[in-house]
Amino acid sequence: METLKVNITQTQQHAAKQELDALQPEVLSAREHLLKGDAAGNDFLGWVDLPISGTVSDELSRMAHDVATLSKKSQALVVIGIGGSYLGARMVIEALQSEFALMPEVRGNKPCIIYAGHTLGEDYYTQLLAYLDHVDYSVCVISKSGTTTEPAVAFRLVKRHLEQKYGSEEARQRIVAITDGRRGALHDIAKQNGYPSYVIPDNVGGRFSVLTPVGTFPIMMAGFDTSRLLQGARDMRAICLDNNTLDTNPALLYAAIRNLLYRKGFKVEMLVSCQPNLRYLAEWWKQLYGESEGKEHKGLLPHSLSITTDLHSMGQYMQQGERLMMETMLRVRHPNTTISVPSDDQNLDGLNYLANRNLTEINDCAAEGTIQAHVDGGVPVVEITVDKVDEYTLGQLIYFFEFACGVSGYTLGVNPFDQPGVESYKRNMFHLLGKPGF
Ligand code: PA5
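Treat the numbers as computed from the prediction; the structure is a model and nothing was measured.

**Details of the sheet that holds strand E10 (residues 381–386)**
For step 1, the next point in the chain: Here we have five strands laid out as an open sheet, ordered E1-E10-E9-E7-E8, and mixed in their pairing. Taken across any chain shown, the strands that pair with only one partner, and hence form the sheet edges, are strand E1 (5–7) and strand E8 (301–306). Taken pair by pair, the neighbouring strands of this sheet meet at an average axis angle of 20°, ignoring direction.
For step 2, the next point in the chain: Of the strand pairs in this sheet, strand E7 (residues 268–273) and E8 are connected by six bridges, and their pairing is parallel. The residue bridging Glu269 from the neighbouring strand is Pro302, located in E8.
For step 3, the next point in the chain: Of the strands in this sheet, E1, E7, strand E9 (325–332) and E10 are in contact with helix H14 (residues 391–412), which crosses E10 at around 140°.

Laid out in structure tokens, this is it:
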């Protein structure tokens, strides 16, 4: 299997080779700071070694037992979490599961993964609880701080429903908590009730936590191979740690080109994927880059499109709107399945020129056509290509984007591992709600 590739050929009109070479020392210095752990945010670098951590592998074995027990009695798993405490798991699960996974037969009789705690929408919870009336389910509640309002409210609602449905003893056995190992309300609740629990390491921030139980527990419950996910991350870690030139290290090249283009006035990075099942990869990526780099009034604004769907809504802006954007196109070499356009004797729709051609061939032509059009329209395009969408390549992508994010943030001159701005809305909300002390 070919490893992930970054191609910047289609940025050359805006980013000359000499300019990229001139930026290389800054990018290498950012990489050095990341690896030596001597710059701002160095207490949140635990993600760098997660793919080779013995704790992570030991946890996967323990998890297999809890997953087997819960899966037997659950048609659904409610994953309660927000931001970094749910996007990573959702990205992997939605990339791998059938788009039509609502029926148990389609899911291979694995639990259906549904999400809560990522919204305060009242109707959402009314509908969720009504749905839970009809299925056997378990709950995985995830919060590093253990005090975030949205998942705490969701957990109260779902826990009460679970207790009313099964009684408190059985409810207790249907809840798994993933939180801090020593403190926080969720830690205390889990301890007091004896829920099976998994720890989020202190030195791993939410948006970098997908390879901890935050991601691996729900992913394993959905029936996917977390060992392959870690293997992909491990192999990409080796590439990122062993190579220190832009030519040999795809994460450094990506960090460099996005910083160079940003300095040249491109303020928005549009992540474009050619498959709908990668939409949550884009959501995860948006959080990773937005929360890591959007500070001190700096940073590329991460945005996303799915093609060809969004070419029919945003395509006009991309082609001729204000020239703000660079584009990063995520391409997949091989589909997991093939389907071709049938031939039709009457050919009334005039489509026989496509007869017997696979949809991937057609989709690739759409992607090529889009790249050419956008480059002609003044949008520099970076291509990131993986072989296929599976656990292994998703592991590669996760580590690639995380490593590039750390290097890119340091190159930009910010601390990529804090999120001071996230607190402002919480303070205002607590004040408005009359929370004691606010
Ligand atoms: O990346 C982050 O740090 C945030 O997105 C958090 O994951 C999010 O705010 C949820 O926090 P917690 O896990 O403490 O509930």
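**A closer look at the side chain of Glu150**
For step 1, the next point in the chain: Within the element layout of this structure, Glu150 appears in helix H5 (residues 149–166).
For step 2, the next point in the chain: Salt bridges are absent for the buried Glu150, whose nearest opposite-charge side chain, Lys426, sits at 6.5 Å.
For step 3, the next point in the chain: Beyond its immediate sequence surroundings of up to four residues, Glu150 is in contact with Ile82, Gly117, Leu120 and Tyr425.

**Things to note about the pattern of salt bridges**
For step 1, the next point in the chain: Going through the model one piece at a time under the given rule, you end up with 28 salt bridges.
For step 2, the next point in the chain: A salt bridge links Arg207 to Glu291; the shortest N-O distance between them is 2.9 Å. With Arg207 in the loop between strand E6 (197–199) and helix H8 (213–221) and Glu291 in helix H11 (residues 279–293), the pair connects residues that are 84 residues apart, well separated along the chain.
For step 3, the next point in the chain: A relative accessible area of 4% places Arg207 in the buried class.
For step 4, the next point in the chain: When the shortest N-O distance is used, the salt bridge between Arg333 and Asp387 registers 2.6 Å.

**Description of the site of the ligand**
For step 1, the next point in the chain: Residues in close proximity to the ligand total 13 residues, the closest being Ser85, Ser143, Ser145, Thr148 and Gln287.
For step 2, the next point in the chain: Between the ligand and Arg207 there is a distance of 3.0 Å, counted from an oxygen atom to a backbone nitrogen or oxygen.
For step 3, the next point in the chain: A total of 390 Å² of accessible area belongs to the ligand in isolation, and the protein chains cover 88% of it.
For step 4, the next point in the chain: Tallied by class, the residues present in the shell around the ligand amount to one nonpolar, nine polar and three charged.

**Examining the domain arrangement of the protein**
For an interface, size is often stated in terms of accessible area lost upon the parts coming together.
For step 1, the next point in the chain: The domains assigned to the protein are domain 1 (5–39 + 229–412) and domain 2 (44–224).
For step 2, the next point in the chain: Placing a centre on the C-alpha atoms of domain 1 and another on those of domain 2 gives a separation of 29 Å.
For step 3, the next point in the chain: At the interface, 30 residues of domain 1 touch 27 residues of domain 2.
For step 4, the next point in the chain: Between domain 1 and domain 2 the total buried area reaches about 2,700 Å² when both faces are included, carbon and sulfur atoms providing 68% of it.
For step 5, the next point in the chain: The three residues of domain 1 that bury the most area against domain 2 are Leu230, Tyr280 and Glu402, which together make up 24% of that side's buried surface.
For step 6, the next point in the chain: Our count for the contact surface shared by domain 1 and domain 2 stands at four salt bridges.
For step 7, the next point in the chain: In this structure, Arg279 and Glu99 form a salt bridge, with 3.1 Å as the shortest nitrogen-oxygen distance.
For step 8, the next point in the chain: Counting only elements with at least two residues in the side of domain 1 that touches domain 2, the list comes to helix H1 (17–36), helix H9 (226–242), H11 and H14.

**A closer look at the nonpolar core**
For step 1, the next point in the chain: The biggest cluster of nonpolar side chains holds 96 residues, and the ones touching the most others in it are Trp47, Phe217 and Phe401.
For step 2, the next point in the chain: Of the residues forming this core, the biggest block, twelve residues, is contributed by H14.
For step 3, the next point in the chain: Each of domain 1 (5–39 + 229–412) and domain 2 (44–224) contributes no fewer than three residues to this core.
For step 4, the next point in the chain: With near-sequence residues (within four places) excluded, Trp47 lies in contact with Leu34, Asn203, Val204, Phe208, Tyr399, Glu402, Phe403 and Phe417.
For step 5, the next point in the chain: Formed by 25 residues, the second largest nonpolar core is a distinct cluster that contains Ile114, Leu129, Val139 and Ala190.

**Focus: unusual backbone geometry**
For step 1, the next point in the chain: In the segment running from Ile307 into Thr308, the intervening peptide bond is cis, with an omega of 15°.
For step 2, the next point in the chain: Residue placement: Thr308 occurs in the loop between E8 and helix H12 (315–320).
For step 3, the next point in the chain: Despite not being glycine, Glu296 shows a phi value in the positive range, around 50°.
For step 4, the next point in the chain: Here Glu296 falls in the exposed class, since its relative accessible area comes to 55%.

**Describing the pairing of E9**
For step 1, the next point in the chain: In terms of burial, E9 is largely enclosed, as eight of its eight residues are buried.
For step 2, the next point in the chain: Side chains of E9 alternate between two faces, with Met325, Glu327, Met329 and Arg331 and Met326, Thr328, Leu330 and Val332 buried alike.
For step 3, the next point in the chain: Relative to E9, E7 runs parallel, the two being bridged by six bridges. Looking at E9, one finds that Glu269 is bridged to Met326.
For step 4, the next point in the chain: Both E9 and E10 contribute to a ladder of six bridges, which runs parallel. The residue bridging Glu327 from the neighbouring strand is Val381, located in E10.
For step 5, the next point in the chain: In this view, the connection linking E9 to its parallel neighbour E10 by way of helix H13 (residues 359–376) has right-handed handedness.

The rules behind these values
Each chain has its residues counted from 1, following the order in which its sequence is written. pLDDT decides what is reported in this predicted model: residues at 70 or higher carry local features, side-chain atom pairs at 80 or more are listed and counted, and totals for whole chains, interfaces and linings draw on all residues regardless. Only hydrogens and water are set aside; all other atoms, that is, all heavy atoms of the structure, feed into the side-chain values. Between any two strands, at least two bridges found by DSSP are needed for them to pair. Strands are runs of DSSP state E lasting at least 2 residues, helices are runs of H or I lasting at least 4, and numbering of each runs from the N terminus. Note on geometry: axes are lines fitted to C-alpha atoms, helical ones only across the stretch in contact, with angles between N-to-C directions running from 0 to 180 degrees. We call two residues in contact when some of their heavy atoms are within 4.5 Å. Here the term buried applies to any residue with accessible area under 20% of the maximum for its type, exposed to any over 50%, and partly exposed to those in between, with areas from a 1.4 Å probe on protein chains only. When charges are counted, neither His nor the chain ends are considered; positive counts come from Lys and Arg and negative counts from Asp and Glu. In what follows, salt bridge is the name for a side-chain nitrogen of Lys or Arg lying within 4 Å of a carboxyl oxygen of Asp or Glu. Note on terminology: near, applied to a residue and a molecule or strand, indicates that one of the residue's heavy atoms is within 4 Å of it. Counting of polar contacts relies on pairs of N or O atoms within 3.5 Å, with two restrictions inside protein: one atom must be capable of donating a hydrogen and the other of accepting it, and residues adjacent in sequence are counted only when both atoms are side-chain atoms. Here the accessible surface of atoms and residues is derived via Shrake-Rupley with a 1.4 Å probe, and residues count as covered only by protein chains that are part of the display. Ten residues, namely Ala, Val, Leu, Ile, Met, Phe, Trp, Tyr, Cys and Pro, are considered nonpolar, four, namely Asp, Glu, Lys and Arg, are considered charged, and the remaining ones, Gly among them, are considered polar. Segment limits for the domains were obtained from an automatic or database-derived domain assignment. A simple way to read buried area is as the amount of 1.4 Å-probe accessible surface that goes missing from two parts once joined, with both sides added. For this analysis, a nonpolar core means a set of buried residues of the types Ala, Val, Leu, Ile, Met, Phe, Trp, Tyr and Cys, connected via side-chain atoms within 4.5 Å. Assignment of crossover handedness uses the view with strands pointing away from the viewer, where a clockwise path from the first strand over the helix to the second indicates a right-handed crossover.

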